[in-house]
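Here is how the chains run, residue by residue.
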Amino acid sequence: MAFPENSRKAQTPDGYVRFSNDIANGIDSLHQRSINNCDDIPNEIGSRSSLNRDVELRSPSEITSDTDYNWQMNYHEAAIFLEEGENNEKFDSHPCHPEALPAYLLVHNRLYYTVDLVTSIILLALALGEDPAVPAFQLPVWVHSTIELFCLFIIGLELGFKLRWIGWTTILKHKRTMLKCVTLVIMVLEALVILVRQSSHLRVTRALRPIFLVDTCHLGGVRRCIRQILQSLPPILDMLALIFFFVSIYALLGYHLFSTNHVNKSFHTLYDSFVTMFVLLTTANFPDVMMPAYAISKWYSVFFISYLCICLYILMNLMLAVVYETFTSIEREKFKKLLLHKQQACHHAFRLLVTKQHPGELRFRQFEGLLRYYKPKKSVRDTLLIFKQLNTSNSGFLKIDEFCNIYDAVTLQWEAQYSNIPWYHGTWIPERLQTVCQITHNIVSEKYFEHTVTFIILSNCLAMLFRASQNYPDLEKAAHVFISSWDAIFFMSCYAIEASLKVVGLGLHQYLNSGWNCYDITVTTLTLMSILLIKMFPTWTFLVIFRPLRMLRLFKSKKRYRDIIGTMALLVPLMCSTAVVMLVLYYFFAIIGMELFAGYDMRNCCKGTAVEEFYRASNGSGNATSAIGYYYLNTFENLAASSVTLFELTVVNNWFILMDGYAYVFHPLSRFYFILFYLFTMIVLTIVVASVLEAFRFRIQYKRQTTKRDEEKLLHEEVHLRWDEVESWIPDFHLLEKLKTDFVFNGTATYLGCRPRNREVLQKRMYRNEMEEWLKENAMNGEQN
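Here the structure is a predicted model, which is why all the values come from computation and not from measurement.

Chemist: Requested: an account of the packing of helix H18 (residues 447-469) against helix H20 (residues 486-506), with residues and values cited.
Modeler: For any two helices packed against each other, the geometry comes down to the angle between their axes and how far apart the axes lie. Two elements in contact, H18 and H20, have axes whose closest approach is 10 Å; the angle formed by their N-to-C orientations is 160°. It follows from the interaxial angle that H18 and H20 lie roughly antiparallel. For the element pair H18 and H20, the recorded crossing hand is left-handed. Touching Phe 449, Glu 450, Val 453, Ile 456, Ile 457, Ser 459, Asn 460, Ala 463 and Arg 467 of H18 are Trp 486, Asp 487, Phe 491, Met 492, Cys 494, Tyr 495, Glu 498, Leu 501 and Lys 502, all from H20. Residue composition of the contact of H18 with H20, by class: eleven nonpolar, two polar and five charged.

Written out as structure tokens, the structure reads:
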């Protein structure tokens, strides 16, 4: 039964509608005595969710069911608020009408998230089977058209559900959703036309398919990365305008200096001159483009040297500096906005979890219900510890300022305090074996043990150098000696003994807690497997790669390398997002390249041009492919070949040869396709370099301001939980019996929570003073509003 229009208050600016009538007064008067006798029914119903229903006059059992249902709705909506805060999603997409409940909850669940992601990936993968297709994946027209329509139907369902609770007004204001809607309509019409005609046509719009992938819930980091790129564009465009000004000036000067030189065909027209100078900016055609003029007069070198010094070494590096400064300020502002956005999400969720009678207190029952939806993998033990860690006032309930720390609390990994005691104490193993474990523990804990391991690794390096310097009759013999000789087996046995000693002395759990130990055991296992495989399959010479991998452990001993590896660890999320952005960029340009250049044969093309030699192919009449040839293999005949060609363009070595080849066989204006691709990749890679520099500077600054003891306090939280507190929070007797194994009955259990050493945790340490000012400023602005 839907809420009548006059039963709710006006919508608040954040999109959350608060309902003032918690329970009809008639229920309290008619069934108060019955309700009080029911232990499962709370006497106080929480702030009504915008997704809840009216409560009619019912029997006590029906009221119990309806009350529990309403609380479950509140838990689910509060969890979604927290997810939106974590993903930096705007709250204006939250439903304000109870009729939107089914559609809203259907879209906001992990199953639908997975379906949406898989559907978007399938839609992208269709380019492998559509004409022009990779031969191994080619599909009939009716098959790929039907699959495309089905995927678009799934995506359209989400947009339909979103329209159900958002409305057209909000969708028209949301640029990403509006672009998604327009693209969806165009693709549906095109797919229907192809299905009817049973033949494909020019479809540049396929390049927009990544929009559906980027819009999925799992790629929030990619959206933030794209947003950062867009925010960094203004200074990049300003610097590009300055660079293009100098390129144009030198192109004009080069045209008037060298256009009369018939040997140098790069400056015959203003257009050729501009393209030549732009390519020279990437140094791909240097010094070839200079040598014809240099042969006439040595003074002409001043033209090219001054151009490279100004545009390449000064302006390009200045652009990196400007982007770095912009990126640093954006990172700080992004952290601030995300912090305040999470605070706002916590306030929205808190209002759904408290009762009308106690609007400022969050009980454990409601907190546990929230985590069932927000973090379903958390155990009851973890939920209790998180609640206790948040409850700094020890009042037994959470205030709003305590609840706002939930994002940090749910990242903690809990271990009992006694987990630091050697694993073999108190176990069933005999006393003699415990003595052996104790001796082993003492051995691996000594610093000389690590020195011994380092010496073994260095000795292995010398042995590998000796093996690699010997002459062997063939590669198979060289690989066999390198990977399975007596010294290789000896050193791999030493590594296996080292791992075994650490597992016995430290215990498997503590051993695997170290990333370096995981790396060591993985490399050792792969190397031992390669020794067996090389004997069974002598032609598998690639297995030699596993033996030298253990040398990476040597870099741990020097602080500079530890800082570099630590920076790489901080950059893993950003690098993953950047990799997806690059793949999206490749897909976009690959589709356009396939539509423009597919079907053109580059063999023996460009006759009479400067790049003719690069495309010469064997024609069976004695004219073999030249040593610098094989460029005819760089085509856009399908998605896989296009991706390889685009990667060669990304490296920019001799990229102008590809550009000139297609300009000859297709059209001179096709050069703009290659220039635009270079500019897009250059912008993204410049921002990547800026992010690496910022992360390294951030880590060094953090290390200078934080001692080892401060870092230990930052990454660990100690919680003391009494059994009487557990009993007061959990009324279920059977559940309490199970929890006796995790907590001390009639006593106090101590647990240690460990935070991951990620960028967000380190930023909180670095910006701790600014965070207090930001939160105070935000609170003052909230009071004024």
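Still more ground to cover, so stick around.
Chemist: So what about the pairing of strand E3 (residues 748-754)? Which residues, and what values?
Modeler: Bridge count between strand E1 (residues 413-416) and E3: four bridges; the pairing is antiparallel. Bridge pairing in E3 places Ala 416 opposite Tyr 751. Both strand E2 (residues 716-722) and E3 contribute to a ladder of seven bridges, which runs antiparallel. Of the residues in E3, the one forming a bridge with Val 719 is Tyr 751.

Chemist: Before we move on, could you go through the confidence of the model for the protein chain and cite the residues and values that matter?
Modeler: Scored by pLDDT, the protein chain has a mean of 79; 86% of the residues are at 70 or more. When pLDDT is averaged over each helix and strand of the protein chain, the minimum, 32, is found for helix H1 (residues 25-36) and the maximum, 91, for helix H24 (residues 639-651). Every residue in residues 1-46 scores below 50 in pLDDT, and together they form 93 contacts with partners more than four places removed in sequence or on other chains.

Chemist: How would you explain helix H10 (residues 270-281) if you had to name every residue and give the values?
Modeler: Think of an α-helix as turning once every 3.6 residues; residues three or four places apart then point the same way. When the terminal C-alpha atoms of H10 are compared, their 17 Å separation across twelve residues agrees well with the 16 Å that a helix rising 1.5 Å per residue should span. Listing the buried residues of H10 in full gives Ser 273, Val 275, Thr 276, Met 277, Phe 278, Val 279, Leu 280 and Leu 281. Where H10 is buried, its residues contact helix H9 (220-258), helix H12 (301-353), helix H25 (655-665) and helix H26 (671-705).

Chemist: Please set out the pattern of salt bridges residue by residue, giving values where relevant.
Modeler: Applying the stated criterion across every chain yields a total of 26 salt bridges. Here Asp 215 and Lys 180 are joined by a salt bridge, their closest N and O atoms 2.8 Å apart. One end of the pair, Asp 215, is in the loop between helix H8 (210-214) and H9; the other, Lys 180, is in helix H7 (residues 175-197), and 35 residues separate them in sequence. Each member of the pair, Asp 215 as well as Lys 180, carries the same accessibility label: buried. Three or more residues joined by partner-sharing salt bridges are found here, namely Glu 130, Glu 148, Glu 190, Arg 203, Arg 206, Arg 209 and Glu 595.

Chemist: Run through the side chain of Ser 670, naming residues and quoting values.
Modeler: Its place among the elements puts Ser 670 in the loop between H25 and H26. Non-local contacts of Ser 670, meaning those with residues more than four positions away in its chain, are made with Phe 597, Tyr 662 and Ala 663.

Chemist: Requested: an account of unusual backbone geometry, with residues and values cited.
Modeler: In the segment running from Asp 131 into Pro 132, the intervening peptide bond is cis, with an omega of 0°. Following the sequence through the fold, Pro 132 ends up in the loop between helix H4 (110-125) and helix H5 (141-166). In this structure, Pro 287 follows Phe 286 across a cis peptide bond, with omega equal to 10°. If you trace the backbone, Pro 287 turns up in the loop between H10 and helix H11 (291-296). Located in the positive-phi region is Asn 394, a residue other than glycine, with phi close to 55°. Of note, Asn 394 is situated in the loop between helix H14 (380-390) and helix H15 (400-403). Given the relative accessible area of 52%, Asn 394 is considered exposed.

Chemist: An account of the sheet that holds E3 is requested, with residue identities and associated values reported.
Modeler: Strands sit in the order E1-E3-E2 across an open sheet of three strands; the sheet is antiparallel. Whereas interior strands pair on both sides, the edge strands pair on one side only; in this sheet they are E1 and E2. Going from strand to strand, the sheet's axes swing by 30° on average, the running direction of each strand aside. In the packing of H14 onto the sheet, contacts are made with E1, E2 and E3, and the angle to E2 comes to roughly 105°.

Chemist: For the side chain of Ser 259, give the residues involved together with the corresponding values.
Modeler: Positionally, Ser 259 belongs in the loop between H9 and H10. A distance of 2.7 Å separates a polar side-chain atom of Ser 259 from the backbone oxygen of Tyr 255.

Chemist: Run through the environment of Glu 402, naming residues and quoting values.
Modeler: With respect to the secondary-structure elements, Glu 402 resides in helix H15. Each C-alpha atom, one on Glu 402 and one on Asn 391, is 6.3 Å from the other, the two residues being eleven residues apart in sequence. Dropping the residues within four chain positions of it, Glu 402 is found in contact with Leu 390, Asn 391, Thr 392, Ser 393 and Phe 397.

Chemist: Account for the nonpolar core, naming residues and giving values.
Modeler: The nonpolar side chains of a soluble globular protein tend to be buried, and buried together. Within the largest apolar cluster, 83 residues are counted, with the highest numbers of intra-cluster contacts made by Tyr 615 and Trp 655. It is H26 that contributes the most residues to this core, twelve residues altogether. Excluding residues that lie within four positions of it along the chain, Trp 655 makes contacts with Phe 278, Val 279, Thr 282, Ala 284, Leu 649, Phe 674 and Ile 675. Listed in part, the 46 residues of the second largest apolar core include Phe 81, Cys 346, Phe 387 and Leu 412.

Chemist: Give a description of the packing of aromatic side chains that names residues and reports values.
Modeler: Within the structure shown, the criterion is met by 45 aromatic pairs. For the ring pair Phe 244 and Phe 278, a centre distance of 5.8 Å and an interplane angle of 20° mean the geometry is stacked. In this pair, Phe 244 is assigned in helix H9 and Phe 278 in helix H10, connecting sequence segments 34 residues apart. Looking at Phe 278, the relative accessible area reads 2%, which means it is buried. Note on Tyr 271 and Phe 672: the rings are 6.4 Å apart at their centroids and 45° apart in plane angle, and the pair reads as tilted. In this pair, Tyr 271 sits in helix H10 while Phe 672 sits in helix H26, placing the two residues 401 residues apart along the sequence.

Chemist: Please give an account of the environment of Leu 213 that cites residues and values.
Modeler: As for its placement among the helices and strands, Leu 213 is situated in helix H8. Under the relative-accessibility criterion, Leu 213 is labelled buried at 11%. Spatially, the C-alpha atom of Leu 213 lies 8.9 Å from that of Leu 123, the residues being 90 residues apart in sequence. Dropping the residues within four chain positions of it, Leu 213 is found in contact with Leu 117, Ser 120, Ile 121, Leu 124 and Leu 219.

Chemist: Go over the packing of H9 against H12 with me, naming the residues and quoting the values.
Modeler: Contact geometry for H9 and H12: axes closest at 8 Å, N-to-C directions at 170°. Taken together, the axes of H9 and H12 are roughly antiparallel relative to one another. Here the residues of the contact of H9 with H12 sort into 25 nonpolar, six polar and two charged.

Chemist: Tell me what's going on with a nonpolar patch on the surface, and back it up with residues and numbers.
Modeler: Among the surface-exposed residues, Leu 552, Phe 555, Tyr 561, Ile 564, Met 568 and Phe 696 lie close enough to one another that they form a single nonpolar patch of about 510 Å² accessible area. The element best represented in the nonpolar patch is helix H23 (residues 559-597), accounting for three residues. Mapping Met 568 onto the fold places it in helix H23.

What counts, and where the lines are drawn
Residues numbered from 1 in each chain as written. Predicted model: local features only at pLDDT ≥ 70, side-chain atom pairs only at ≥ 80, totals over all residues. Heavy atoms only, no water. Axes fitted to C-alpha atoms, helices over the stretch in contact; angles between N-to-C directions. Helix = DSSP H or I, 4+ residues; strand = E, 2+ residues; numbered from the N terminus. Parallel < 35°, antiparallel > 145°, perpendicular 65-115°, else oblique. Left-handed = near helix turned anticlockwise from the far one by under 90°. Contact = heavy atoms within 4.5 Å. Nonpolar A, V, L, I, M, F, W, Y, C, P; charged D, E, K, R; others polar. Pairing = 2+ DSSP bridges. pLDDT = per-residue confidence, 0-100. Expected span 1.5 Å × (residues − 1). Buried < 20%, exposed > 50% of the residue type's maximum accessible area, 1.4 Å probe, protein only. Salt bridge = Lys/Arg side-chain N within 4 Å of Asp/Glu carboxyl O. Polar contact = N/O pair within 3.5 Å; in protein donor to acceptor, adjacent residues only side chain to side chain. Core = buried A, V, L, I, M, F, W, Y, C linked by side-chain atoms within 4.5 Å. Phe/Tyr/Trp six-rings, centres within 6.5 Å; stacked < 30°, edge-to-face > 60°. Patch = residues over 30% accessible without salt bridge, like charges linked within 9 Å, V, L, I, M, F, W, Y side chains within 5 Å. Areas by Shrake-Rupley, 256 points an atom, 1.4 Å probe, with all protein chains shown as cover.

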